[in-house]
Amino acid sequence: MAKLLYVVHRYAPYPGGSEYNVQRYAEASLKLGHEVTVLAGSHLGNFNGIRVTSDTNVMHEYFDLCIVHGWTGGMQNFVIQNSMILKCPLFYMIIKPDSREELKLALRRADYIGCATTQDIA
């Protein structure tokens, strides 16, 4: 099974769309047998079996894939700007795309690009 790193600005149990979505992805991945870590700027520690940290040194660990949950700010922006230290491919999940330079950098740095909703595709 894979070792996955999810990146989000804030993680469950905090409320919000990004928080709920990444929680669902992380917990579904764990259920499938993957080893899951979430790197979040704000969190309340490990949650529902998911390792959660704000220690950016986790980026030096080996992962099979780093999944950055859109919204170019906070922890996501930090990871994109420092993605060259990752030892794995980078998957950027576009959320509410726009023309900011941070988004353009994320798209250039990503090995894979995806969308979470049909609204993001449009």
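Within each chain, residues carry numbers counting from 1 in the order of the written sequence. Under the rules for a predicted model, residues below a pLDDT of 70 receive no local features and side-chain atom pairs below 80 are neither given nor counted, while totals for whole chains, interfaces and linings still include all residues. Computation of side-chain values covers all heavy atoms of the structure but excludes hydrogens and water.

Student: If you had to explain the packing of aromatic side chains to someone new, which residues and values would you point to?
Tutor: A ring pair, where both rings are aromatic, is described by two values, the distance of the centres and the angle of the planes. Side-chain rings of Phe, Tyr and Trp, where Trp is taken by its six-membered ring, are said to pair if the distance between their centres is within 6.5 Å; with planes under 30 degrees apart they count as stacked, over 60 as edge-to-face, and otherwise as tilted. Overall, the coordinates contain 0 aromatic pairs when judged by the stated rule. Sitting over the face of the ring of F63, K3 holds its NZ or CZ atom 5.0 Å from the ring centroid. Distance and angle both matter: a charge sits over a ring if NZ of Lys or CZ of Arg is within 6 Å of the ring centre and within 35 degrees of the ring normal.

Student: So, the confidence of the model for the chain: which residues are in play, and what are the values?
Tutor: Interpretation of this model should avoid reading the predicted coordinates in detail wherever pLDDT is low. You can read pLDDT as the predictor saying how much it trusts each residue, on a scale of 0 to 100. Averaged over all residues, the pLDDT of the chain is 93; the fraction at 70 or higher stands at 99%. Numbering of helices and strands runs from the N terminus, with a helix taken as a DSSP run of H or I at least four residues long and a strand as a DSSP run of E at least two residues long. For the chain, helix 4 (residues 118-121) is the element with the lowest average pLDDT, namely 77, and strand 3 (residues 51-53) is the one with the highest, namely 98.

Student: Give a detailed account of helix 2 (residues 74-81), specifying residues and quantitative values.
Tutor: Partly exposed residues are those whose accessible area sits between 20% and 50% of the maximum for their type, while under 20% is buried and over 50% is exposed, using a 1.4 Å probe and protein chains only. Burial in helix 2 covers these residues: M75, Q76, N77, V79 and I80. Residue contacts follow a heavy-atom distance rule, with two residues in contact if any of their heavy atoms lie within 4.5 Å. The inward-facing, buried residues of helix 2 abut strand 1 (3-10), strand 2 (35-42), strand 4 (65-69), strand 5 (90-94) and helix 3 (101-109).

Student: Tell me what's going on with the sheet that holds strand 6 (residues 112-115), and back it up with residues and numbers.
Tutor: Strand order in the open sheet made by the 6 strands is 3-2-1-4-5-6, with parallel pairing throughout. Edge positions in the sheet fall to strand 3 and strand 6, since each has one partner strand and no second. When the angles between neighbouring strand axes are averaged without regard to direction, this sheet yields 25 degrees. At least two DSSP bridges between two strands are needed for those strands to be called paired. As judged from the 4 bridges shared by strand 4 and strand 5, these two strands associate in the parallel manner. Bridged to H69 within strand 5 is M93. Fitting a line to C-alpha atoms yields each axis, with helices limited to the stretch in contact; the angle taken between N-to-C directions then spans 0 to 180 degrees. Packing of helix 2 onto the sheet brings it into contact with strand 1, strand 2, strand 4 and strand 5, and relative to strand 1 it is tilted by some 130 degrees.

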